[in-house]
There are 2 protein chains.
Amino acid sequence: MLLYNNSRSGNCYKVRLLAALLEELDVLDRSNRPEVLGDLNPALRVPVLVLDDGRHLAESNAIIDYLAEGTQYLPQDPYTRAQVLSWQFFEQYEHEPNIAVARFLNLFGVDASEEFHKRLHAGGTKALEALERGLEGREFLVGDSYSVADISLYAYTHVADEGGFDLSPYPAIRSWLTRVAAQPGHIPITA
Amino acid sequence: MLLYNNSRSGNCYKVRLLAALLEELDVLDRSNRPEVLGDLNPALRVPVLVLDDGRHLAESNAIIDYLAEGTQYLPQDPYTRAQVLSWQFFEQYEHEPNIAVARFLNLFGVDASEEFHKRLHAGGTKALEALERGLEGREFLVGDSYSVADISLYAYTHVADEGGFDLSPYPAIRSWLTRVAAQPGHIPITA
């Protein structure tokens, strides 16, 4: 399988991290070239996974759920699976558009209005508060074990400081980040 | 089962629409009261589904996938399921935050900066262009039949004009909207 990848993207990191945990997927990096993605993803974004038979799949969370099917990282029970999806949709709606975008602006020195920066900071803070509430008294986001829900939320939370977010008010998030990073087979975003 | 609902929200409409198609779920409307949602959804948003045994589920797309499990509206094949999720994550990331938010500002006369309006219009147009590419030459978004992917994207696309988006440049979207609305058991967003 071939992964169209961007080495700085947390969305692509989700796929590389799960692939490392599963130890069963060769990941080839390709630079982000929207012009080559036209036939693979109507939204022209990475990551895109291309299966050996040429079929392809877009959206980081859809990709990791597909790869995790039948493994310990995606529960079989319908309600528990739905809880995983619930966190993943939360991540794409409330978390990534604020925290990942703020990090992107910082990392690449992109010019943006103060209004936009404020909007990202307020939205990202709201997302971190929700994540903190969701993690209080829990080891992992869903059930009692590490799942793709944790991978989806870990990807940009653990680098939230690069977007100007201070995690010190969130003790449940901080201890969860430590537990995720301690999982056997874990790789950093730079790997 | 009880649905915490908002009658103007397309995200809540997704759940009501699928429930109408399945003809097997009683939907009770509740006004959107964040203060009552604290124990049900860390993100404090509707829709939230409460099962008969008290377990609860947040995020519109996670809810409809849970309800559709085992029906014709959610494919069994893993790759086809992943394609459904891919469109649903696209919806939450690129489509809803622009088109639904622009509609919200218009419907409720919310004050927002010109910069924000421009950002929503540009983002929503990009999402509609991607949706048009995804629908070209197809009857429905995934496989050959109507699925929860169509429900997820229909919810705000069919009222995009209320957000100031003109659908006349998108013939594939327009004919798909007609096909979705012609499905047996279909209900309008106002139902």
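Asker: Could you clarify how one ought to interpret the overall build of chain A in this entry?
Answerer: The number of helices and strands found in chain A is 7 helices and 3 strands. For chain A, the α and β elements follow one another from N to C terminus as β-α-α-β-β-α-α-α-α-α. Against the 2.2 N^0.38 benchmark of 16 Å for 191 residues, chain A shows a C-alpha radius of gyration of 16 Å, consistent with a compact globule. Along the first, second and third principal axes, the C-alpha atoms of chain A reach 45 × 40 × 25 Å. Counting the 191 residues in chain A, one finds 55% classified as buried. Sequence-distant contacts in chain A: of pairs separated by 6 or more residues, those separated by 24 or more amount to 70%. A total accessible area of about 8,000 Å² is found for chain A, and carbon and sulfur atoms account for 49% of it. Chain A carries 16 positive and 27 negative side-chain charges, and their two centres are separated by 3 Å.

Asker: Would you mind showing me how to read the sheet that holds strand 3 (residues 56-58) of chain B here?
Answerer: Whenever strands of a sheet pair, they do so through backbone hydrogen bonds, lying parallel or antiparallel. All names here are of chain B. Taken in spatial order, the 3 strands make up an open sheet running 1-2-3, and their pairing is antiparallel. Unpaired on one side and paired on the other, strand 1 (2-4) and strand 3 mark the two borders of the sheet. Put simply, the sheet's adjacent strands are angled 15° from each other on average, direction ignored. When strand 2 (residues 48-50) meets strand 3, the two strands line up antiparallel, connected through 3 bridges. Across the sheet, leucine 49 pairs through a bridge with leucine 57, a residue of strand 3.

Asker: Explanation requested: the interface of chain A and chain B in the structure shown.
Answerer: Interface size, as often reported, equals the accessible area lost upon joining of the parts. Between chain A and chain B, the contact holds 38 residues from the first and 38 residues from the second. Approximately 3,400 Å² of surface area, both sides summed, lies buried where chain A meets chain B, with 64% of it carried by carbon and sulfur atoms. By the criterion of area lost to chain B, the three top residues of chain A are Tyr79(A), Phe89(A) and Tyr93(A), representing 24% of everything that side buries. Linking chain A with chain B are 0 salt bridges, by the criterion used here. Put simply, chain A and chain B have 8 residue pairs in polar contact (both at pLDDT 80 or more) between them. Of all the elements in the fold, those that place two or more residues in the side of chain A that touches chain B are strand 3 (56-58), helix 3 (60-68), helix 4 (78-107) and helix 5 (114-135) of chain A. Counting residues per element, the side of chain A that touches chain B draws most heavily on helix 4 of chain A, at 17 residues. Of the residues in the side of chain A that touches chain B, the class split is 20 nonpolar, 8 polar and 10 charged.

Asker: Sorry, what's going on with the domain arrangement of chain A here?
Answerer: Residue and element names in this part refer to chain A. Each assigned domain of chain A is listed with its residue range as follows: domain 1 (2-68) and domain 2 (78-181). Centre-to-centre separation of domain 1 and domain 2, based on C-alpha positions: 21 Å. Taken together, the 15 residues of domain 1 in the interface contact 16 residues of domain 2. Interface area, domain 1 with domain 2, both sides summed: about 1,200 Å², of which 55% is carbon and sulfur. The largest share of the area that domain 1 buries against domain 2 comes from Arg8, Lys14 and Asn61, three residues that together contribute 38% of it.

Asker: What is the right way to read the packing of helix 3 (residues 60-68) of chain B against helix 4 (residues 78-107) of chain B from this model?
Answerer: Helix packing for two helices is described by the angle between their axes and how far apart those axes are. Residue and element names in this part refer to chain B. For the pair helix 3 and helix 4, the least separation of the axes is 10 Å and the interaxial angle reads 155°. Relative to helix 4, the element helix 3 is oriented roughly antiparallel. The hand of the helix 3/helix 4 crossing is right-handed. Each of Ser60, Asn61, Ile64 and Asp65 in helix 3 lies in contact with helix 4, whose residues at this interface are Leu85, Gln88, Glu91 and Gln92. Across the contact of helix 3 with helix 4, the residue classes tally to 2 nonpolar, 4 polar and 2 charged.

Calculation criteria
Residues numbered from 1 in each chain as written. Chains lettered and ligands numbered in written order. Predicted model: local features only at pLDDT ≥ 70, side-chain atom pairs only at ≥ 80, totals over all residues. Heavy atoms only, no water. Helix = DSSP H or I, 4+ residues; strand = E, 2+ residues; numbered from the N terminus. Rg over C-alpha atoms; globule rule 2.2 N^0.38 Å. Buried < 20%, exposed > 50% of the residue type's maximum accessible area, 1.4 Å probe, protein only. Contact = heavy atoms within 4.5 Å. Areas by Shrake-Rupley, 256 points an atom, 1.4 Å probe, with all protein chains shown as cover. Lys, Arg positive; Asp, Glu negative; His and termini not counted. Charge placed at Lys NZ, Arg CZ, Asp CG, Glu CD. Pairing = 2+ DSSP bridges. Axes fitted to C-alpha atoms, helices over the stretch in contact; angles between N-to-C directions. Buried area = accessible area lost by both parts, 1.4 Å probe. Salt bridge = Lys/Arg side-chain N within 4 Å of Asp/Glu carboxyl O. Polar contact = N/O pair within 3.5 Å; in protein donor to acceptor, adjacent residues only side chain to side chain. Nonpolar A, V, L, I, M, F, W, Y, C, P; charged D, E, K, R; others polar. Domains from an automatic or database assignment. Parallel < 35°, antiparallel > 145°, perpendicular 65-115°, else oblique. Left-handed = near helix turned anticlockwise from the far one by under 90°.

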